[in-house]
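# Tertiary structure, described
Chain residues, written in single-letter form:
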Amino acid sequence: MTIPRILVLGTGGTIAGAGSSATGAAYRPGDLALETLITHLDTLGLAADLVPQDVAKIGSQDIGWAEWQALHIACARALDDPAIDAIIITHGTDTAEETGFLLDLTLPTTKPVVLVGAMRPADAVGADGMRNFANAVKVASDAQATGRGVMLVMGDAVLSARDARKAATSAIDAFRSFPRGPLARVSPARLDWFGPPNRAGEAARYAFPAALPRVAILTAGAGMDEQPVEALLGIGAKGIVLAGMGQGNAPRVVIEALARAAASGVPVVRATRVDEGLVDRNVEVDDDALGLVAARALGPAKARVLLMVLVAGGVTDAASVQAAFDAG
Ligand code: ASP
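None of the values given here were measured: they were computed from a predicted structure.

This paragraph deals with the site of the ligand. Surrounding the ligand, one finds Gly13, Thr14, Tyr27, Gly59, Ser60, Gln61, Gly92, Thr93, Asp94 and Ala118. A distance of 2.8 Å is found between a nitrogen atom of the ligand and a side-chain nitrogen or oxygen belonging to aspartate 94. Interatomic distance of 3.1 Å between a backbone N/O atom of alanine 118 and an oxygen atom of the ligand. Expressed as a share of its isolated accessible area of 260 Å², the protein-covered part of the ligand is 93%. Broken down by class, the residue content of the shell around the ligand amounts to two nonpolar, seven polar and one charged.

Examined against the element boundaries, leucine 298 turns out to sit in the loop between strand E16 (293-294) and helix H8 (300-312). C-alpha of leucine 298 to C-alpha of alanine 167: the two residues are 131 residues apart in sequence and 14 Å apart in space. Setting aside residues up to four positions removed in sequence, leucine 298 forms contacts with Phe101, Arg162, Ala271, Ala303, Leu306 and Phe325.

Another aspect to go through is the pattern of salt bridges. All chains considered together, the criterion is met by 19 salt bridges. Salt-bridge contacts for aspartate 192 lead to arginine 190; the nearest nitrogen and oxygen are separated by 2.9 Å. According to the relative accessible area criterion, aspartate 192 is partly exposed, its value standing at 29%. Look at arginine 190 and you get exposed, because its relative accessible area is 51%. In this structure, the salt-bridge partner of glutamate 256 is arginine 252, at a minimum N-O distance of 3.1 Å. On the criterion of helical spacing, the pair formed by glutamate 256 and arginine 252 is a turn pair, its members being four residues apart in helix H6 (residues 252-263). Residue classification places arginine 252 among the exposed residues on the basis of a relative accessible area of 60%. Through salt bridges with shared partners, one network takes in Asp104, Arg162, Arg199, Glu202 and Arg205.

Secondary-structure assignment places serine 177 in strand E10 (residues 175-177). Residue classification places serine 177 among the buried residues on the basis of a relative accessible area of 15%. One polar contact links the side chain of serine 177 to the main-chain carbonyl oxygen of arginine 180, over a distance of 2.5 Å. From its side chain, serine 177 meets the backbone oxygen of glycine 181 in a polar contact 3.5 Å long. Not counting the four nearest positions on each side in its chain, serine 177 is found in contact with Leu159, Asp163, Ala164, Arg165 and Pro182.

Right, let's get into the environment of serine 141. With respect to the helices and strands, the residue serine 141 is situated in the loop between helix H4 (129-140) and strand E7 (151-154). Between the C-alpha atoms of serine 141 and proline 112, which are 29 residues apart in sequence, the distance is 8.2 Å. With residues up to four places along the chain from it excluded, the contact list for serine 141 reads Pro4, Ile6 and Ala48. Separated by 2.6 Å, the side chain of serine 141 and the backbone oxygen of valine 137 make a polar contact.

This paragraph deals with unusual backbone geometry. Glycine aside, the phi torsion of most residues is negative, and most peptide linkages are trans. For the bond from phenylalanine 178 to proline 179, the omega torsion is 5 degrees, close enough to zero to count as cis. Checked against the element boundaries, proline 179 lands in the loop between E10 and strand E11 (184-186). Here asparagine 282, not a glycine, exhibits a phi torsion of approximately 55 degrees, which is positive. By the element assignment, asparagine 282 lies in the loop between strand E15 (268-272) and helix H7 (287-290).

Okay, the sheet that holds E15 next. The parallel open sheet is built from four strands, whose spatial order is E13-E14-E15-E16. Two strands lie at the open edges of the sheet, namely strand E13 (215-219) and E16, each paired on one side alone. Pairing between strand E14 (residues 239-244) and E15: five bridges, direction parallel. Along E15, the bridge assignment pairs valine 241 with valine 269. With respect to the sheet, helix H5 (residues 227-234) is in contact with E13 and E14, its orientation differing from that of E13 by roughly 170 degrees.

This next bit is on the pairing of E15. Where burial is concerned, most of E15 is hidden: five out of the five residues are buried. Both faces of E15 are covered, namely the face carrying Val268, Arg270 and Thr272 and the face carrying Val269 and Ala271. Pairing of E15 with E16, which is carried by two bridges, proceeds in the parallel orientation. Residue pairing in the sheet places arginine 270 in a bridge with alanine 294 of E16.

Here helix H9 (residues 318-326) has its buried residues at Val321, Gln322, Ala324 and Phe325. Down the axis, H9 shows its buried residues gathered within 160 degrees of arc, on one side only. In this fold, the buried residues of H9 make contact with E15, E16 and H8.

This part is about the packing of aromatic side chains. Under the defined criterion, the tally for this structure stands at one aromatic pair. Cation over ring: arginine 148 sits above tryptophan 193, and NZ or CZ is 3.8 Å from the ring centre.

Conventions and cut-offs
Residues numbered from 1 in each chain as written. Predicted model: local features only at pLDDT ≥ 70, side-chain atom pairs only at ≥ 80, totals over all residues. Heavy atoms only, no water. Near = heavy atom within 4 Å. Polar contact = N/O pair within 3.5 Å; in protein donor to acceptor, adjacent residues only side chain to side chain. Areas by Shrake-Rupley, 256 points an atom, 1.4 Å probe, with all protein chains shown as cover. Nonpolar A, V, L, I, M, F, W, Y, C, P; charged D, E, K, R; others polar. Helix = DSSP H or I, 4+ residues; strand = E, 2+ residues; numbered from the N terminus. Contact = heavy atoms within 4.5 Å. Salt bridge = Lys/Arg side-chain N within 4 Å of Asp/Glu carboxyl O. Buried < 20%, exposed > 50% of the residue type's maximum accessible area, 1.4 Å probe, protein only. Pairing = 2+ DSSP bridges. Axes fitted to C-alpha atoms, helices over the stretch in contact; angles between N-to-C directions. Arc of directions from axis to C-beta. Phe/Tyr/Trp six-rings, centres within 6.5 Å; stacked < 30°, edge-to-face > 60°. Lys NZ or Arg CZ within 6 Å of the ring centre and 35° of its normal.

Coordinates in, geometry out; function isn't part of it.
Quick look at the structure:
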């Protein structure tokens, strides 16, 4: 049996976090060296050759275009390198869904790319990082992991990065998957896929953006007026994602202001502040008449990532933006 060679890209996060006490709440994300994580993993006797490469050592709340670009370059290189079989990215959980989705949109599906995080710092009692990391190695080493797009391993679940979202601030079982359920269950001993790879041979859907356009998320609240929309246009927003109520709704004056923004060439996508569910076209808001776009299955954070990629690529008209969101 040949041992898979896996590039491990470290970015920081709680999986590499350390605190001053195993029972305290305070900790610093990204304090632990990637080498330390890998040395621990080696002691578990997993059959994989892990090649560490630090990209950053930060909490993922601070991740931005520079780290995303570095990750994209490292992944693209590894996908072209016949000596590398798969890629694991250790990542904070706060924005794992954004990084995962951005890479999913901009990389081909030729080798497994697996993000992994943890909810408890490495030195906390009951830490989940090593278990999750071992599970990620199990997934990345598997022949059937190719052709599924970027994945996220959290706990014993393997989720598609397109569908994963953080749904709890501190519970260990913090991630949910919508609209599709998990791709597989995994433990260090066993991996069960729930279906065959559905994206085999797919090229990158979009070019990696040369810069990130300013795309803002505006959360709707009862009784709000249109001034936040005007303020976003005032600071040069190139796109707006509404985290609306219910089916992507907002007070009438806000929807009218968003329609004016769309008419001025700033694409507007209606997502929902509700935890889960599709936002469809023309339900309570007349998207056809107002030039707005429905986010469909994407929540606000991921809708913003897709809209940034589209705007960076010069795609701003409502019909083309809607087609990209429909392709979900
Ligand atoms: N704030 C941390 C981060 O995203 C939380 C975590 O990793 O769980 O880096």
